[in-house]
Amino acid sequence: MKKLIYLFLFAWLLAACHNEKPLISDTGRLNDIERMLKIQKKLTVNSLNPIWTVLDKPESKEEEQALRFMYAYMPLSDLADYSPDFIKANVRKSLQARSETTWGKQLPEEVFLHFVLPLRVNNENLDSFRLVYYDELKTRIKGMTMKNAALEVNHWCHEKVNYRGTDSRTSAPLSTIRKTFGRCGEESTFTVSAMRAAGIPARQVYTPRWAHTDDNHAWVEVWIEGKWHYMGACEPDTDLDRGWFSEPSQRTMLIHTRTYGRYFGSEEILDASDRFSELNLTSNYARTKTVTVVVKDSEGKPATGAKVEFKLYNYAEFYPIATILTDQSGAAKFTTGLGDLLVWASGKEKFAFEKLHVASTDTLNLVLNRSIVENEKFNYDLVPPKVLKPVTAASDSDRKHNERRLAFEDSVRNRTMSFFKDSAWIINYAKTDQLAEDTLIRVLRLSYGNWKEMLNYIETNKKTGRKLLFPLTYGISDKDLSDTKASVLTDHLLQVAATAGNGESSEYFEKYVLAPRIGMEILSPWRSFLWRRMGPELAAATRKDMNTLINWIKTYIAIDTVANKHSRAPLTPIGVFNLRVADPVSRNIFFVASSRTFGIPARLNPETLFPEYYQNGAWYRANLETPQAQPEMGQLSLKERNNAIPPQYALHFTIARIENGTCQTLEFEEGRKLTDFPDPVILETGQYMLVTGSRLSDASVLSSVAFFNVSKDKPVTVEVELRKEEVVLKPKGRCEPGKINLKSLPENQAVKLSDLIKNQNSVVVLLDPESEPSKHILNDLAPYSEQFDKWKGQFIFVIVSGKEMKSATFKNYRLPVQKCFASDAGDELGQMLSSFTGLNSVNNLPVVFFCRPSGDIMMTSSGYKIGIGEQLVQFIKRLDRENIRQPASACTTP
């Protein structure tokens, strides 16, 4: 009898397993996975580390299919730098979330595969975030609906992380938690990771460049019961589809997302690649139109396969927001917002360009008939899309409830930050061990929650490696301090001390030998690894002849230009060595790392990012592609002409090199004043393009494009002159300052706006000091503090109702000397501005307006914009030029 029961149970289990619904059932997807696995295995055939055994013994059919999906589309960075055990553990956690959430099994397979299963969100290095925080998140959302769970996870994210600008390398989620802040790309990467860990489909949504201001932004979309909804990352609002960017997103030319793997869904695909697809989401936010660009060659025939770049003016360059190849008829189609673009087509070393006004153009025809454009200049007036409709504000009760939650979450995060080491502790520690205070303060303060690792690095090496201990930290970024382990820095320190000497005789030693940082890669302990694996013999031979290393790389490291496109994160030098295949950027970093390991100064050229080595008093390009002669160099003199303020690089002008018909902007330091450029600037010979632009208060741009040639024997001079607005200044309207009641801060006394303005020209700023757009205006003022301090006017900073407790935030910014603070406790200023601008002020912070004592409003700016500080300086100078009387200052510093 028992045998019969056991046989019955065994047969039932066997049938249940046999009838189990597979994770992937779509035949087209299954076939594509198998196709890509063959490509991946062939690509990694020379890998020194085993990869493909991960597929041999899965625990279940679900796990097998999930792993095959992951590895079929995996970028080089993840194949090279993350072990199969790491990937498998995370896959299992994703399947656990699918099994344990009430909605997990109901998710369509394409939604789960693209937007829950993948670890990678952006170009971050991967970490164990999903493994560490799954249980905490699962407990937090227990019993909730899918929508409420998504809102709750965002509140959890806000407890951990807040907005602060950082550099362009994207921190991994655990690192972002440790430092408690990140830029929008890091906040959204972190929030997407948290949503996916909780089993909620999520994706990072991105506008590569705004049309109305010089910046970009990333946020999050979550899939809730069949539909995608947006939210601000680490910025919980009262409901889905709310955020400070709701209105700016209506003015975009492109909003997109990247999906892991080939996409089989219904959304518009902008770029279909083997390992990922880029989806065009613009029409979900803004009014759009599909335009067609038809490209012909100089003989009038369709230019098949020509590259068409749709370029948007931003940060003083024409940035390609989308690149599309023409079809057999020479056509490229693009769905975009109703603003202005510069379309640049290239093919067979010929090019053509023309402004595209999307709203009035269906088809743009271009002929590839240019190879040289010298001493020509083109002016373009560029207008961004307009706002479609005002955003409806949340109810007062919902808003106040949400603000109370945010305040509590701020306190949770602030408690975490209270354990970071402050200056007093660091100074005392420095005295105890006789260490340099200034350097130690930088290292420990900027390590934030990673301070134990930095302290461990110091304690471990302060006796034996004291001479190089701090100089090594000069060659790493501020962000490195917050996410690098002590063992990584110690590896570099000890290896340099053992093989490269102390470098005291060379001014290049610290920057180009000792420094672990090369490009924007994650720091790794590559130095001792490369020394062990490549050996002293190769090092000695390379010191005699750099071609030894160059030829070694050409021989052993294959190059693939597309397999790492989804990741965009460079492989570590260790990963390049082991995988034996890399993208060009990772290969170049590997060359620099190997050279530095051998004690040879090397770098990525700061303007072109080409790999270079230093020898006999000069920098030489490492020709890692086909053999070629060292490039010829020429001289460029940049001259300032008739500008109100010194033009700054990547704010007012940029220089791009034209090669093979395409443009590449040179990577000079952002914000460098024209007057601080060397004279002459040494550049490779060839054709260049100067782009200038002036962003006006209505967000339009007066731009110019000028072409010039740099030759070997004839220095060239180029004048940089920004175009100017010709409209005569006149009031845009009038307010009655005597009827607007405020409360002064910190006194909290009732005052009228007229009491603060008195007889002064005033810039009034209505803001929430803790919101990202308001933080931008406060940051924008600092670079122009000298001009504002000389101005005979004042700034009045007014905090919106309910945010008065945030006034302490102002201490973190360099604000003009002449300033006053107040609170719009009764929302009277906000209501006046809503009526004046036609936009809800609460939803369009900050609101900035220039007010004369008479109440005349001379300029206004509403919502998120970059560059308001510069626009105010320019506006004040225009007032001076037009002889508008400015009364003497009466405001005192609070």
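Just so it is clear, the structure is predicted and the values come from calculations on it, not from any experiment.

Counting secondary structure elements, the protein chain contains 28 helices and 36 strands. Here the C-alpha radius of gyration of the protein chain, 29 Å, is about what a compact globule of 894 residues would show, namely 29 Å. The burial tally for the protein chain puts 58% of its 894 residues in the buried class. At a minimum sequence separation of 6, the contacts of the protein chain that also span at least 24 residues come to 68%. The averaged location of the 108 negative side-chain charges in the protein chain is 2 Å from the averaged location of its 114 positive side-chain charges.

Right, let's talk about the sheet that holds strand S16 (residues 377-382) for a bit. Within the open sheet, the five strands sit side by side as S16-S27-S26-S23-S24. Their pairing is antiparallel. Edge positions in the open sheet fall to S16 and strand S24 (662-665), since each of these has one partner strand only. Across the sheet, the mean angle from the axis of one strand to that of its neighbour is 25 degrees, orientation sign disregarded. The sheet contact formed by strand S23 (residues 653-659) and S24 spans four bridges and is antiparallel. If you follow Ala656 over to S24, its bridge partner there is Thr665.

Chain-level statistics for the protein chain give a pLDDT mean of 91 and a share of 95% at 70 or above. In this model residues 884-894 is a low-confidence stretch, pLDDT under 50, and it forms 32 contacts with partners more than four residues away in sequence or in other chains.

What follows is about the packing of helix H8 (residues 146-160) against helix H10 (residues 184-197). H10 packs onto H8 with a crossing angle of 135 degrees between their chain directions and a minimal axis gap of 10 Å. The pairing of H8 with H10 is recorded here as oblique in orientation. The crossing of H8 and H10 is right-handed. Across the interface between the two elements, Ala150, Val153, Asn154, Trp156, Cys157 and Lys160 from H8 touch Phe190, Thr191, Ala194 and Met195 from H10. Residues that form the contact of H8 with H10 fall into these classes: seven nonpolar, two polar and one charged.

Pairing is antiparallel in the open sheet, where four strands are placed in the order S11-S10-S13-S14. Two strands lie at the open edges of the sheet, namely strand S11 (317-325) and strand S14 (350-357), each paired on one side alone. Mean inter-strand twist for the sheet, computed between neighbouring axes without regard to direction, equals 25 degrees. Relative to strand S13 (residues 340-347), strand S10 (residues 307-314) is paired through five bridges, and the arrangement is antiparallel.

Here we take up the nonpolar core. In this structure, Tyr71, Ile87, Phe129, Ile200, Val222 and Phe591 are the most contacted members of the largest nonpolar core, which totals 116 residues. Not counting the four nearest positions on each side in its chain, Val222 is found in contact with Ala150, Met195, Ile200, Pro201, Ala202, Lys227, Trp228, His229, Met231 and Leu240. Grouped together as the second largest cluster of nonpolar side chains are 29 residues, Phe788, Ile799, Phe821 and Val848 included.

Looking now at the environment of Lys565. Take Lys565: it is sitting in the loop between strand S17 (558-559) and helix H22 (573-579). Given a relative accessible area of 38%, Lys565 falls into the partly exposed group. Once you skip the residues sitting within four places of it in the chain, Lys565 turns out to touch Arg258, Asp271, Ser273 and Phe276. A polar atom in the side chain of Lys565 sits 3.2 Å from the side chain of Asp271.

This next bit is on the packing of aromatic side chains. Applying the stated criterion to the full structure yields 56 aromatic pairs. Aromatic pair Tyr688 and Phe708: ring centres 5.8 Å apart, planes at 15 degrees, arrangement stacked. With Tyr688 in strand S26 (residues 686-695) and Phe708 in strand S27 (residues 701-710), this pair connects stretches of sequence that are 20 residues apart. Across this residue pair, the class does not change: Tyr688 and Phe708 are buried. Ring-pair connections join several aromatic residues into one group, and the members of that group are Phe788, Trp791, Phe795, Phe797, Phe810, Phe821, Phe850 and Phe875. Its end group placed over the ring of Trp619, Arg603 keeps NZ or CZ at 4.1 Å from the ring centre.

Helix length check: helix H7 (residues 129-140), at twelve residues, gives a terminal C-alpha distance of 16 Å against a target of 16 Å (1.5 Å per residue), a fit within 8%. Listed in full, the buried residues belonging to H7 are Phe129, Arg130, Tyr133, Tyr134 and Leu137. What you see down the axis of H7 is that its buried residues fit within an arc of 145 degrees, all on one side. Its buried side turned inward, H7 meets helix H5 (84-100), H8, helix H9 (173-179) and H10.

Now for the side chain of Asn154. Structurally, Asn154 is set in helix H8. The residues contacting Asn154, other than those within four sequence positions of it, are Thr191, Met195, Met231, Gly232, Ala233, Cys234, Glu235 and Pro236.

Let us look at the pattern of salt bridges. Scanning the entire structure with this criterion turns up 59 salt bridges. Where Glu376 meets Arg370, a salt bridge forms, and the shortest distance between an N and an O atom there is 3.5 Å. Judged by relative accessible area, Glu376 falls into the partly exposed class, the value being 32%. Judged by its relative accessible area of 23%, Arg370 falls in the partly exposed class.

Reading the values: the criteria
Residues numbered from 1 in each chain as written. Predicted model: local features only at pLDDT ≥ 70, side-chain atom pairs only at ≥ 80, totals over all residues. Heavy atoms only, no water. Helix = DSSP H or I, 4+ residues; strand = E, 2+ residues; numbered from the N terminus. Rg over C-alpha atoms; globule rule 2.2 N^0.38 Å. Buried < 20%, exposed > 50% of the residue type's maximum accessible area, 1.4 Å probe, protein only. Contact = heavy atoms within 4.5 Å. Lys, Arg positive; Asp, Glu negative; His and termini not counted. Charge placed at Lys NZ, Arg CZ, Asp CG, Glu CD. Pairing = 2+ DSSP bridges. Axes fitted to C-alpha atoms, helices over the stretch in contact; angles between N-to-C directions. pLDDT = per-residue confidence, 0-100. Parallel < 35°, antiparallel > 145°, perpendicular 65-115°, else oblique. Left-handed = near helix turned anticlockwise from the far one by under 90°. Nonpolar A, V, L, I, M, F, W, Y, C, P; charged D, E, K, R; others polar. Core = buried A, V, L, I, M, F, W, Y, C linked by side-chain atoms within 4.5 Å. Polar contact = N/O pair within 3.5 Å; in protein donor to acceptor, adjacent residues only side chain to side chain. Phe/Tyr/Trp six-rings, centres within 6.5 Å; stacked < 30°, edge-to-face > 60°. Lys NZ or Arg CZ within 6 Å of the ring centre and 35° of its normal. Expected span 1.5 Å × (residues − 1). Arc of directions from axis to C-beta. Salt bridge = Lys/Arg side-chain N within 4 Å of Asp/Glu carboxyl O.

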